[in-house]
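Understanding the architecture of this molecule
These are the residues of each chain, in order.
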Amino acid sequence: MAAYAVNYTYVPETDEMTAARPAHVDFLSELHSAGTLLVSGRLTEGDPLGALLIIRGESVEEVEKIMDGDPFFSDGFVAERQVRRWNIVFGSIDGAE
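Below: a short report on this structure. Per chain, residue numbering runs from 1 following the sequence as it is written. Local features in this predicted model are restricted to residues whose pLDDT is 70 or higher, and side-chain atom pairs enter the listing and the counts only when it is 80 or higher, whereas totals over whole chains, interfaces and linings include all residues. The basis for every side-chain value is the complete set of heavy atoms in the structure, and neither hydrogens nor water enter the calculation.

**As for the overall build of the protein**
For clarity, the threshold we go by: The secondary structure listing takes helices from DSSP runs of H or I that are at least 4 residues long and strands from runs of E that are at least 2 residues long, numbered from the N terminus. All radius of gyration figures rest on C-alpha atoms, and the globule criterion is 2.2 Å times the number of residues raised to 0.38. Each residue is assigned to one of three classes by its accessible area relative to the maximum for its type, calculated with a 1.4 Å probe on protein chains only: buried under 20%, partly exposed between the two thresholds, exposed over 50%.
From N to C terminus, the protein includes 3 helices and 4 strands. Listing each helix as α and each strand as β along the protein from the N terminus yields β-α-β-β-α-α-β. Since a compact globule built from 97 residues should have a radius of gyration of about 13 Å, the 13 Å found for the protein is in line with a globular shape. Along the three orthogonal principal directions, the C-alpha set of the protein runs to about 40 × 25 × 20 Å. Burial analysis of the protein (97 residues in total) assigns 32% to the buried set.

**Some points on the sheet that holds strand β4 (residues 78–86)**
Where we set the bar: Being paired, for any two strands, means DSSP has found at least two bridges between them. Axes here refer to lines fitted to C-alpha atoms; in helices the fit is confined to the stretch in contact. Angles between the N-to-C directions go from 0 to 180 degrees. Whether two residues touch is decided by their heavy atoms; if any such pair falls within 4.5 Å, the residues are in contact.
One open sheet holds the 4 strands; their spatial order is β2-β3-β1-β4, and the pairing between them is antiparallel. Strands with a single pairing partner mark the edges of an open sheet, and in this sheet they are β2 (37–43) and β4. Averaged over all neighbouring strand pairs, the angle between strand axes comes to 15 degrees, with direction disregarded. Docked against the sheet, helix α1 (residues 15–33) engages β1 (2–10), β2 and β3 (50–57), running at close to 155 degrees with respect to β2.

**Considerations on unusual backbone geometry**
In this structure, the amide linkage connecting Asp 47 to the following residue, Pro 48, adopts the cis form with an omega of 5 degrees. Tracing the chain through its elements places Pro 48 in the loop between β2 and β3.

**Some remarks on the nonpolar core**
The test is simple: For the purposes of this section, nonpolar cores are sets of buried Ala, Val, Leu, Ile, Met, Phe, Trp, Tyr and Cys residues that join through side-chain atoms within 4.5 Å.
Val 6, Tyr 8, Leu 53 and Met 67 are the most contacted members of the largest nonpolar core, which totals 20 residues. Looking at this core, the elements that each hand over two or more residues are β1, α1, β3, α2 (60–67) and β4. Here Val 6 is in contact with Ala 51, Leu 52, Leu 53, Ile 55, Val 63, Met 67, Arg 81, Gln 82 and Val 83, once residues within four sequence places are set aside.

**Notes on the pairing of β3**
Within β3, 6 of the 8 residues are buried, which leaves it mostly tucked inside the rest of the structure. With 6 bridges joining them, β2 and β3 adopt antiparallel strand pairing. Among the inter-strand pairings, Gly 41 is bridged to a residue of β3, identified as Leu 52. Linking two consecutive strands that pair antiparallel, namely β2 and β3, is a turn of 6 residues; a positive phi of about 95 degrees is found at Gly 46 within it.

The structure is reproduced here in structure tokens:
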């Protein structure tokens, strides 16, 4: 499987977004336990804030479908989502080609 970079740009933080965060974290934790989510984290500098996630998958469409299940995305807390295949040249992430 290939690696895909998923870049989230978040909407401004709201109480509703804060309340949805545990479900978002649970969703990502399940993907990580399954070996689909390789690494992820919030981008803490710049405006607007966002996150970078590296997902294993077969295609952009498959990764988009997987990430459609993220409560942050389905509840509208992701203003923009970009999914691109990531060609790893130096180094490696287990399970990614």
